[in-house]
Amino acid sequence: MRHRSWLLAAICALFLLSSTACSCSDRIAGMFGHKESTAVPATAISATVAPTVVVTPLVIPKEADTAFEGEMSAAEVEKLLQEQIAEVGDYVSDIHVQITPEAILAQLQVNASELKITFGVTATALPNVVDGQLYLKIIQVTLDDTLSGWTRLSAKSLIQEAIDKYSGENGIPIEFDNIYIEEVKLGMGKLYVRGKTL
């Protein structure tokens, strides 16, 4: 049923693609321009100033067998998430993403038409990479305080059912087209991704 796909779409969008088959590299390449980092010659660096490491924005190359790495800000992840949610209808809205070194937090409004309610949800998730495949482990789901009694139990059950349906031993698999993920790290307000195209 269509109403159960909203959670998967929201989760997948956290990692740059929807639950439909689309080319991740095309989507990312179109959204983020490549910014060249400028290196400062060692002779120009003062003894009192330490050089800083500059990581470029995430750009997935179109060429096969090419390494890539980069960062996305929480605002960029949130923008992608909003675009993905718009494609699946009005089940989810008002999305806000925070990224900390410990977890990704997604706050959103859920319109559960079958229950005739709208409520807020905060999902806490961790990326998990196994053999080049990216998974998302949902470690906590919190409903807002507007729900109580039977309605709260029904909403919680609906969300848990969607998570259980798509989760495996390693979490929810996030499918990428022709991409091998080597590493995903969380930072303060940013997501670092390293991998290669196949």
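Preceding block: the structure.
For the structure given in this document, a descriptive report is provided here.

Rules and cut-offs
- Each chain has its residues counted from 1, following the order in which its sequence is written.
- Predicted model: local features are reported for residues with pLDDT of at least 70 only, side-chain atom pairs are reported and counted for 80 or more only, and whole-chain, interface and lining totals are derived from all residues.
- Values shown for side chains rest on all heavy atoms present in the structure; no hydrogens or waters enter the calculation.
- A run of H or I in DSSP counts as a helix once it spans at least four residues, and a run of E counts as a strand once it spans at least two, with each numbered from the N terminus.
- The classification of residues rests on relative accessible area computed with a 1.4 Å probe and restricted to protein chains. Under 20% of the type maximum is buried, over 50% is exposed, and intermediate values are partly exposed.
- For this analysis, a salt bridge means a side-chain nitrogen from Lys or Arg found within 4 Å of a carboxyl oxygen belonging to Asp or Glu.
- When DSSP finds two or more bridges between two strands, those strands count as paired.
- Axis definition: a line fitted to C-alpha atoms, limited for helices to the stretch in contact. Angles are taken between N-to-C directions and run from 0 to 180 degrees.
- In what follows, residue pairs with any heavy atoms lying within 4.5 Å of each other are defined as contacts.

## Focus: unusual backbone geometry
Here is step 1: Although it is not a glycine, Asp94 sits at a positive phi angle of roughly 50°.
Here is step 2: In this fold, Asp94 is placed in strand 2 (residues 92–99).
Here is step 3: Even without glycine at this site, Lys116 takes up a positive phi of about 60°.
Here is step 4: In this fold, Lys116 is placed in the loop between strand 3 (104–112) and strand 4 (117–130).
Here is step 5: Owing to a relative accessible area of 76%, Lys116 belongs among the exposed residues under this scheme.

## Some remarks on the pattern of salt bridges
For side chains bearing opposite charge, pairing can occur when the charged atoms are close.
Here is step 1: Following the criterion strictly, the structure yields 4 salt bridges and no others.
Here is step 2: The partner of Lys185 in a salt bridge is Glu183, with the nearest N and O atoms 3.6 Å apart.
Here is step 3: Residue Lys185 is classed as partly exposed on the basis of its relative accessible area, which comes to 45%.
Here is step 4: Between Arg194 and Glu183 there is a salt bridge; the shortest N-O distance is 3.0 Å. Of this pair, Arg194 sits in strand 8 (residues 190–197) while Glu183 is found in strand 7 (residues 179–187), placing the two residues 11 residues apart along the sequence.
Here is step 5: A cluster of three or more residues bridged by salt bridges with shared partners is formed by Glu182, Glu183, Lys185 and Arg194.

## Quick look at the sheet that holds strand 2
Here is step 1: An order of 2-3-4-5-6 is seen for the 5 strands of this open sheet, with the pairing classed as antiparallel. Since the sheet does not close on itself, it has two edges, and those belong to strand 2 and strand 6 (172–174), each with one partner. Neighbouring strand axes in the sheet, compared pairwise and without regard to direction, differ in orientation by 30° on average.
Here is step 2: Running at roughly 170° to strand 5 (residues 133–143), helix 4 (residues 149–166) makes contact with strand 3, strand 4, strand 5 and strand 6 of the sheet.

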